[in-house]
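What the coordinates show
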Amino acid sequence: MDGTLKTVRLRAAVPVLPLVAFILVTFIAPLATMLVRSVYDPLVAGAMPETLFLLSEWDGKSIPREAVFEAAVRELLGARQARNLGRVVTRINRVQPGMRSVIMKSVRKLRRISGSDSWRDTLIDMDPAWGKAQTWQAIRRTGERFTMRHYLHALDLDRGPGGGIVRQKPERRIYMPLLGRTLAVSLSITALCLLLGYPVAYLIAHAPHRWTNLLLLLVLVPFWTSLLVRTTSWIVLLQTRGVINDALVALGLIAEENRIAMIYNMTGTVVAMTHVLLPFMVLPLYSVMRTIPPLYMNAAATLGASFPRAFWRVYWPQTQPGVFAGSLLVFILAIGYYITPELVGGRSGQLISNMIAYHMQQSLNWGLAAALSGILLLCVFVIYLIYDRVVGIERMKLG
Amino acid sequence: MNPNGNAHVEFEGVNKSYDGQTDVVRNLNLRVQKGEFLTLLGPSGSGKTTCLMMLAGFEMPTTGTIRIDGRSVHNLPPHKRGMGMVFQNYALFPHMSVGGNLSFPLEVRGLNPEQRRERIRKALEMVRLDGLQERRPAELSGGQQQRVAIARALVFEPSLVLMDEPLGALDRRLREELQYEIRRIQRSLKVTIVYVTHDQQEAMVMSDRVAVFQQGRIEQVASPEAIYEEPERRFVARFIGENNLLPGKVTAVEGDLCQVEIEGAIVKAFRVAPCRPGDMVTLAIRPERVCVAPDPQVYSNELEAKIEDLVFLGDHLRLRMNVHGRSDFIVKIPNIVGHGAVLEGDRVRIGWTPTDCRALEPIGEMGVTL
Ligand SMILES: Nc1ncnc2c1ncn2[C@@H]1O[C@H](COP(=O)(O)OP(=O)(O)OP(=O)(O)O)[C@@H](O)[C@H]1O
Ligand SMILES: [Mg+2]
């Protein structure tokens, strides 16, 4: 009996298996890989095992002993042979800027030397940096398989000379201000969407029935238009020689030489993203408003309340589940938005996702990109928790 | 300015059309006195709600005037009309407690917390719901919700309260209980109530006067007794209670009475509509006014009938009779000693007094009565 019940249940689960597999492969797995990559980096440890082993006994202050130098020379040359050197050096260089040229120069010279009595003297001779404790500390730290350095980096923190955690120098703090800016921009976009979307949703929910579909269609059309087309249209409208500026100049509202920069900056990002995300605000609002019978507003009127008062005391509170749902949706989408700021944000309109993309594609610092993504994920999670605390997720209504 | 100092609400020549073609309210003339309980009674779609909505200000009359206290309210928005309203679906604000709901109209009117508390307490006491202030509407039963709705419509002490089928969603026992309750409250507060229902018993229990609606027209306005005893229109006779309606032809007129030929027999009837010999009329006879085996001195109308069907209904017997070939004539006889004398299939004589038989307009005539 129990057995058959189990089989029945299992059989019922069969149809969703493809979906489960799909989610595992395309969502859970990449997410897990990314999170692992943000703390785990075996490359240097794999390339220079002996050097790192010997360095582990080093006191961290004096010049290491000869054996360390001997191992380092052998393993760096080995890495070059394995076409691995570039990647190893890049990582060391990230921890200790300047190390790239030191190592590459030395390796080039080492290729011409067949042997040496003291690799220590030879290397220090080639570049005095080899005689500094900093250099070896950098190599030792880069060799850690499990490391918090990407997260430290992403949080604008660093290891001080004593190994303790300190803040980056002010001019090198970029990620936290960028994250702050991303949050602020997302918040403004959410507020703008609410401001623009609420009246639209109200209009649709209270329009005569024959208009409802048409109006909803107008809200949805942007969904069916390529994101690129929409963004390009914004460029046409907003650029310095664009439609809006031309109109303003033609109307004499601004002078020819004072055309307003509305795109390739933060304004462009905010405008275009508000447009893209507006439907995500309108739809939850509409679905909530649709369920509020006009009866309540009538009742409020018979009780003596004018429209503004009735709206504020009776209508608005009842739309809150929609307001919460729409805001959360827009905010979370905005926080991770990439393509629009990339296209119309210029330099000043970039968000944290663009930075992540940069580290993925340009600087190839995947560890840092992963750490930044991890922090972003955490932000979304924290926001969700705060929201649940303050509002209560069950009070939201998404559709 | 106002010819009748006592009229609280006045409809004068009001017509209403939603689509510009069909009038859902036609030439409505109606006066409601101060402190009166007036019920608009009629079948579904007859325009009762529309009348109430025009009075509340949610709909505008297409033509005609509505006056409250002698003043036209044409340009007055609903929130300035100062009348309480109870809706069929309660319309309690779901996000406010009972106390919050009651407090709302008082806050709008700028009463201080002290006054508000006192009024709310009194209002809840009146509907016997003391102690439920903190509850949300969703935590109340249907009957309790409707009591709260009534309290909310009264808490700001309006002199006029509109109710649109407020008891429609409740079960019968609760409905009856609340009917008496509403009447008691209305009598004690002396407010004017315009009440909409399609339940005639409800109208009978509560009203001072009943206005019977049909297809946007008022057929008759009168006290519940008069509506029942003295219907002036065929529709009212058919709609209120049960009536035997027989088509007939006037053969003679004598004062208040007339002679009518029905299915080969001649009966005397009370003349309601003006009629001349040769006119077609409808006779309305209440089943309980028909006497079986009548005493010829009292019941001047006498006919032959055959009992086709007999149903025992506790307090009375319901007989379906064949009278001159028509087999839908209903007679009710009270369950008193001796009722066992009649049996199915019996041929009997039946009779009624001329004043219990009203000669109304014939089928199909759409006259205008005021
Ligand atoms: N908003 C409206 N738009 C168009 N027609 C309407 C509207 N409201 C009511 N009607 C029509 O007006 C007529 C009268 O409706 P009304 O609601 O006044 O009837 P009622 O007597 O209250 O009926 P019920 O007992 O079913 O509530 C109906 O034929 C209805 O279809
Ligand atoms: Mg109605």
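Residues numbered from 1 in each chain as written. Chains lettered and ligands numbered in written order. Predicted model: local features only at pLDDT ≥ 70, side-chain atom pairs only at ≥ 80, totals over all residues.

**Some thoughts on the overall build of chain A**
- Helix and strand counts for chain A stand at 20 helices and two strands.
- Rg of the C-alpha trace for chain A: 30 Å, well past the compact-globule value of 21 Å for 399 residues, more than 25% over.
- Its C-alpha atoms give chain A principal-axis dimensions of roughly 100 × 85 × 35 Å.
- Counting the 399 residues in chain A, one finds 31% classified as buried.
- A separation threshold of at least 6 residues defines the contact pool for chain A, and within that pool the share at least 24 residues apart is 69%. (Helix = DSSP H or I, 4+ residues; strand = E, 2+ residues; numbered from the N terminus. Rg over C-alpha atoms; globule rule 2.2 N^0.38 Å. Buried ≥ 20, exposed ≤ 12 C-beta atoms within 10 Å, placed from the backbone. Contact = placed C-beta atoms within 7 Å.)

**A word on the overall build of chain B**
- When helices and strands are tallied, chain B shows eight helices and 20 strands.
- When its C-alpha atoms are laid out on the principal axes, chain B stretches across 75 × 50 × 35 Å.
- Within chain B, the proportion of its 370 residues that are buried is 40%.
- In chain B, the proportion of contacts linking residues at least 24 apart, taken out of those at least 6 apart, comes to 64%.

**Things to note about the environment of B:Gly241**
All names here are of chain B.
- Inspection of the secondary structure puts Gly-241 in the loop between α8 (234-239) and β11 (244-254).
- On the basis of neighbour count, Gly-241 is assigned to the partly exposed category, with 17 C-beta atoms found within 10 Å.
- Sequence-wise, Gly-241 and Ile-227 are 14 residues apart; in three dimensions their C-alpha atoms are separated by 9.8 Å.
- Discounting residues that sit within four places of it in the chain, Gly-241 has contacts with Tyr-228 and Arg-286.

**What about the sheet that holds strand β13 (residues 265-271) of chain B?**
All names here are of chain B.
- Pairing in this closed barrel of five strands is mixed, and the strands run β11-β12-β13-β20-β14 around the ring. Across the sheet, the mean angle from the axis of one strand to that of its neighbour is 50°, orientation sign disregarded.
- Across four bridges, the pairing between strand β14 (residues 280-285) and strand β20 (residues 357-360) is antiparallel. Across the sheet, the residue bridging to Leu-283 is Ala-359, located in β20. (Pairing = 2+ DSSP bridges. Axes fitted to C-alpha atoms, helices over the stretch in contact; angles between N-to-C directions.)

**Here's the deal with the site of ligand 1**
Residues and elements named next belong to chain B.
- Lining the immediate environment of ligand 1, one finds Tyr-18, Val-24, Gly-42, Ser-44, Gly-45, Ser-46, Gly-47, Lys-48, Thr-49, Thr-50 and His-198.
- Take the shell around ligand 1: its biggest share by element is three residues, from helix α1 (residues 48-56).
- Taken together, the residues of the shell around ligand 1 sort by class into two nonpolar, eight polar and one charged. (Near = placed C-beta within 6 Å. Nonpolar A, V, L, I, M, F, W, Y, C, P; charged D, E, K, R; others polar.)

**A look at the interface of chain B and chain A**
- Each partner contributes residues to the interface: chain B has 19 residues there, and chain A has 15 residues.
- A total of three residues in the side of chain B that touches chain A trace back to one element, the largest contributor, which is helix α2 (residues 98-108) of chain B.
- A class-by-class count of the residues in the side of chain B that touches chain A yields 13 nonpolar, five polar and one charged.

**What about the domain arrangement of chain B?**
Residues and elements named next belong to chain B.
- Here chain B is described as being made up of domain 1 (7-234) and domain 2 (242-360).
- Here domain 1 and domain 2 have C-alpha centroids that lie 39 Å from each other.
- Partitioning the side of domain 1 that touches domain 2 into residue classes produces one nonpolar, no polar and three charged. (Domains from an automatic or database assignment.)

**Side note on the packing of helix α11 (residues 175-206) of chain A against helix α15 (residues 266-289) of chain A**
All names here are of chain A.
- Where α11 contacts α15, the axes come no closer than 7 Å and their chain directions differ by 45°. As the angle between them shows, α11 and α15 are arranged oblique. For the pair α11 and α15, the crossing hand works out as right-handed.
- Of the residues assigned to the contact of α11 with α15, the class counts are 21 nonpolar, four polar and no charged. (Parallel < 35°, antiparallel > 145°, perpendicular 65-115°, else oblique. Left-handed = near helix turned anticlockwise from the far one by under 90°.)

**Topic: the nonpolar core**
- B:Ala151, B:Val194, B:Ala211 and B:Leu283 are the most contacted members of the largest nonpolar core, which totals 102 residues.
- Ranked by the residues each element gives to this core, the list is headed by helix α4 (residues 142-154) of chain B, at six residues.
- Apart from the residues within four sequence positions on either side, B:Leu283 is in contact with B:Leu246, B:Gly248, B:Val260, B:Ile262, B:Ala269, B:Cys357 and B:Ala359.
- Counting 48 residues, the second largest nonpolar core, distinct from the first, contains A:Val282, A:Leu285, A:Val288 and A:Ile352. (Core = buried A, V, L, I, M, F, W, Y, C linked by C-beta atoms within 7 Å.)

**Remarks on the sheet that holds strand β2 (residues 23-33) of chain B**
All names here are of chain B.
- Within the open sheet, the four strands sit side by side as β2-β1-β4-β5. Their pairing is antiparallel. The two strands at the open ends of the sheet, each matched to only one other strand, are β2 and β5 (71-72).
- The pairing of strand β1 (residues 7-17) with strand β4 (residues 63-68) spans five bridges and is classified as antiparallel. Within the sheet, the bridge partner assigned to Phe-11 lies in β4 and is Ile-66.

**Section: the domain arrangement of chain A**
- Here chain A is partitioned into domain 1 (43-145) and domain 2 (175-395).
- Look at where the C-alpha atoms of domain 1 of chain A and domain 2 of chain A centre, and you get two points 51 Å apart.

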